[in-house]
Amino acid sequence: MKIKSIIIFGLGIFLTSFFSNAQKAVFKEGEFKQWAKTPPMGWNSWDCYGPTVEEHEVKANADYMAKNLKKFGWEYVVVDIRWFVENDKAGGYNQKDPRYVIDQYGRYLPAVNRFPSAKDGQGFKLLADYIHKKGLKFGIHIMRGIPKKAVEEKMPIKGANGVTANQIYTTALQCEWLKDNYTILADKSGAQEYYDSIFELYAQWGVDFIKIDDLSRPYHEGEINLIRNAIDKCGRKIVLSTSPGETPISAAAHVKEHANMWRMVDDVWDTWPHITHLMDVAQKWYPHIAPGTWPDCDMIPLGRISVRGERGEDRMTRLTKDEQYTLITFFNIFKSPLFFGGDLPSNDAFTLSLLTNKEVVKMHNESTNVKQLFHKDGKIAVTSENPKDGSVYLALFNISDSAEEKVSVNLSDLNIPGFNGGINMWTGENLKISSKEISATLKPHSSVLYKLKTK
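Residues numbered from 1 in each chain as written. Predicted model: local features only at pLDDT ≥ 70, side-chain atom pairs only at ≥ 80, totals over all residues. Heavy atoms only, no water.

With an unreviewed UniProt entry as reference, the protein chain is termed Alpha-galactosidase, source organism Flavobacterium hydrophilum. Per UniProt, the protein chain has the following entry under Catalytic activity (unreviewed entry): "Hydrolysis of terminal, non-reducing alpha-D-galactose residues in alpha-D-galactosides, including galactose oligosaccharides, galactomannans and galactolipids." Its UniProt record gives the protein chain the following Sequence similarities (unreviewed entry) comment, quoted word for word: "Belongs to the glycosyl hydrolase 27 family." (UniProt positions renumbered as here; feature names shortened; annotations may be inferred.)

This is the structure in structure tokens:
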């Protein structure tokens, strides 16, 4: 009787597994664009914790988001780089003697000393459950490629019929700044199966977002194809962010058909040259802003950053208030994904106000036809429109370093059929214009954001 019970129990597990796999969704080509119809918004641990974030800190930021930001559309909580290293450090990476946590198939697992809920092989499942219960979504960061440790130990690749990790790698084009992984040879038998296996695992954990690093410079088209295929087969809607570096404009057509968002520049930190460089590079990407596929300005280095960060000491952002308004205005009107980099529980009232302006959030979600009117002589004008209520948005910037400047736009350039005033979206002040132009006299590094009403 006991043996019979065991057989029936075992059969039940088999049938559950069989039907679960049989019913696993396989997404159609291009369907991933429906998963991010508006630019994703969330928090990422990198700017404040570098490669050292711990579970209690992730939960604290999720708690803050659920209480203060969720109603404004902020929803992703992302654990950034090297969550699988037990002994990493602030101010860089421990590449001398890292202690990796990895399973028998060469797949990284969370370090239990940093993520206690990952014990007994549970991975990020319980942390993802915690975040999901708050109505939020969970994300992780990985590096492209296959772990060196898996190659050195000739670990088998799950589902690859005897292929081992040392048969699908090359040392060519290895990441220059972090040596954890080798490049995967995309055309090798077992390459697709490796990516399939890690996304199968992430789907089981409940991952909703993945940021994959070192894909853009040079542009690794082969591995991006493997990643897209693996996500589409894993049965879970996982938003894909490619990173970092200046994604070449020549790759625009490909990246738009494979990723939900892609970085335009290297890391953006809290210095003015980072902002102006971003604005310059962004000029070529305006035509590629589209629902489901978003050029990415990088994380938002505001609030308290570098608690145990990779760049500098624990601090509140070094950007002035004018510069903070300029950064957040540009990110929003450009419709970049918004991932806050500071420690959310450390926010002051001003920082919170930059993230919770209802009119600005509405523009970020609903606007279309984003275009740059000009970018010259230290002056920039960017506009978009809201098809739902007919509003036109206008951002004016003075990015010069020393001079106060008048920045002007002709009403005829805004395609407004009948101008009926407007508001300053940060102050709420009414805007009344009687002439044929809209202008603002702006201090260096400052900006203004208008919502223009039409008759």
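Having seen the model, we can carry on.
A.B. asks: How would you summarise the sheet that holds strand S5 (residues 169-170) if you had to cite specific residues and measurements?
C.D. replies: Spatially, the three strands line up as an open sheet ordered S4-S6-S5, and their pairing is antiparallel. A single partner strand is all that each edge strand has here, and the edge strands are strand S4 (146-147) and S5. Across two bridges, the pairing between S4 and strand S6 (residues 181-184) is antiparallel. Within S6, the residue paired with Ile 146 across the bridge is Tyr 182. (Pairing = 2+ DSSP bridges. Helix = DSSP H or I, 4+ residues; strand = E, 2+ residues; numbered from the N terminus.)

A.B. asks: For empty space enclosed by the protein, give the residues involved together with the corresponding values.
C.D. replies: Going through the model one piece at a time under the given rule, you end up with four cavities of 30 Å³ or more. For the largest cavity, the calculated volume is near 90 Å³. Together, Asn 44, Phe 209, Lys 211, Ser 241, Ser 243, Met 261, Arg 263, Asp 296, Asp 298, Met 299 and Phe 339 line the largest cavity. Of all the elements in the fold, those that place two or more residues in the lining of the largest cavity are strand S7 (209-213) and strand S9 (261-263). (1 Å grid on protein atoms, 1.4 Å probe; cavity = no way out; pocket = protein on both sides within 12 Å on 5 of 7 lines; lining within 4 Å. Points joined across faces, edges and corners; volume = space filled by probe spheres on them.)

A.B. asks: How would you explain the domain arrangement of the protein chain if you had to name every residue and give the values?
C.D. replies: Splitting the protein chain by domain gives domain 1 (33-366) and domain 2 (374-454). Contacts between the two partners involve 22 residues from domain 1 and, on the opposite side, 25 residues from domain 2. In this assembly, domain 1 packs against domain 2 so that about 2100 Å² is buried in total across both faces, 64% of it on carbon and sulfur atoms. Run the count over domain 1 and domain 2 and you get four salt bridges. Across the pair Asp 389 and Lys 362 runs a salt bridge, and its minimum N-O distance is 3.3 Å. Scanning the region where domain 1 abuts domain 2 turns up eleven residue pairs in polar contact (both at pLDDT 80 or more). Of all the secondary structure elements, the ones that give two or more residues to the side of domain 1 that touches domain 2 are helix H9 (272-282), helix H10 (321-333), helix H11 (349-355) and helix H12 (358-366). The element contributing the most residues to the side of domain 1 that touches domain 2 is H10, with eight residues. (Domains from an automatic or database assignment. Contact = heavy atoms within 4.5 Å. Buried area = accessible area lost by both parts, 1.4 Å probe. Salt bridge = Lys/Arg side-chain N within 4 Å of Asp/Glu carboxyl O. Polar contact = N/O pair within 3.5 Å; in protein donor to acceptor, adjacent residues only side chain to side chain.)

A.B. asks: Can you explain the layout of surface pockets? Please cite residues and give values.
C.D. replies: Estimates place the volume of the largest pocket at around 500 Å³. If you trace the largest pocket, you find 27 residues lining it, with Trp 177, Asp 213, Arg 217, Pro 244 and Asp 266 closest to the centre. In the lining of the largest pocket, the residues fall into ten nonpolar, five polar and twelve charged. (Nonpolar A, V, L, I, M, F, W, Y, C, P; charged D, E, K, R; others polar.)

A.B. asks: Any chance you could break down the pairing of strand S14 (residues 368-376) for me, citing the residues and the numbers?
C.D. replies: Bridge count between S14 and strand S15 (residues 379-385): six bridges; the pairing is antiparallel. Residue pairing for S15: Lys 371 is matched across the bridge by Thr 383. From the end of S14 to the start of S15, which pair antiparallel, there are two residues, and Asp 377 there has a positive phi angle of about 50°.

A.B. asks: Residue-level account of the packing of H9 against H10, with values.
C.D. replies: It is at 11 Å that the axes of H9 and H10 come closest, and there the two elements cross at 25°. For the element pair H9 / H10, the angle class is roughly parallel. The handedness of the crossing between H9 and H10 comes out as left-handed. Note on element contacts: H10 touches H9 through Glu 323, Thr 326, Leu 327, Phe 330 and Phe 331, opposite Trp 272, Ile 275, Leu 278, Met 279 and Ala 282. Here the contact of H9 with H10 is built from residues that sort into eight nonpolar, one polar and one charged. (Axes fitted to C-alpha atoms, helices over the stretch in contact; angles between N-to-C directions. Parallel < 35°, antiparallel > 145°, perpendicular 65-115°, else oblique. Left-handed = near helix turned anticlockwise from the far one by under 90°.)

A.B. asks: Describe in detail the side chain of Asn 398, supporting the description with residues and values.
C.D. replies: Along the chain, the position of Asn 398 falls in strand S16 (residues 392-398). Ignoring anything within four residues of it in the chain, the contact list for Asn 398 reads Gly 378, Ala 403, Glu 404, Glu 405, Leu 442, Lys 443, Pro 444, His 445 and Ser 446.

A.B. asks: Could you give me a rundown of the pattern of salt bridges, with the residues and numbers involved?
C.D. replies: One pass over the structure, following the stated rule, counts 32 salt bridges. The residue Asp 270 makes a salt bridge to Arg 318 at a minimum N-O spacing of 2.9 Å. Taken as a pair, Asp 270 in the loop between S9 and H9 and Arg 318 in the loop between strand S12 (315-316) and H10 lie far apart in primary sequence, 48 residues in all. Among the charged side chains, a salt-bridge network with shared partners connects Glu 359, Lys 362, Asp 389 and Lys 451.

A.B. asks: Tell me what's going on with the pairing of S16, and back it up with residues and numbers.
C.D. replies: Burial analysis of S16 places seven of its seven residues in the buried class, the great majority of the element. Here S16 shows no split at all, with Val 392, Leu 394, Leu 396 and Asn 398 on one side and Tyr 393, Ala 395 and Phe 397 on the other all buried. Once S15 ends, the chain turns through six residues before running back antiparallel as S16, passing Gly 390 with a positive phi of about 80°. Bridge analysis of S16 against strand S21 (residues 446-454) gives seven bridges, and the strand direction is antiparallel. Across the sheet, residue Leu 394 finds its bridge partner in S21, namely Tyr 450. (Buried < 20%, exposed > 50% of the residue type's maximum accessible area, 1.4 Å probe, protein only.)

A.B. asks: Could you give an account of the nonpolar core, with specific residues and numbers?
C.D. replies: Counting 132 residues, the largest nonpolar core has Trp 74, Trp 83, Ile 140, Phe 199, Tyr 202 and Ile 210 as the members making the most contacts within it. Among the elements that take part in this core, helix H6 (residues 191-205) stands out by supplying nine residues, more than any other. Each of two domains, domain 1 (33-366) and domain 2 (374-454), supplies a minimum of three residues to this core. Here Trp 83 is in contact with Tyr 108, Leu 109, Pro 110, Ala 111, Arg 114, Phe 115, Phe 124, Ile 140, His 141, Ile 142, Tyr 202 and Trp 205, once residues within four sequence places are set aside. (Core = buried A, V, L, I, M, F, W, Y, C linked by side-chain atoms within 4.5 Å.)

A.B. asks: Describe the sheet that holds strand S18 (residues 419-424), naming the residues involved and giving the relevant values.
C.D. replies: The strand order across the open sheet formed by six strands is S14-S15-S16-S21-S18-S19, and the pairing between neighbours is antiparallel. Looking along the sheet, the strands with just one partner apiece sit at the ends: S14 and strand S19 (430-431). Against the sheet, H12 touches S14, S15, S16, S18 and S21, its axis set at about 75° to S21.

A.B. asks: Residues and numbers for helix H4 (residues 125-133), please.
C.D. replies: Where H4 is concerned, the buried positions are Leu 127, Ala 128 and Ile 131. An end-on view of H4 places all buried positions within 100° of arc, on one side of the element. Those residues of H4 hidden inside the fold are in contact with helix H3 (55-68), strand S2 (76-79), strand S3 (137-143) and H6. Of the residues flanking the end of H4, it is Gly 135, one or two places downstream, whose phi is positive at about 80°. (Arc of directions from axis to C-beta.)

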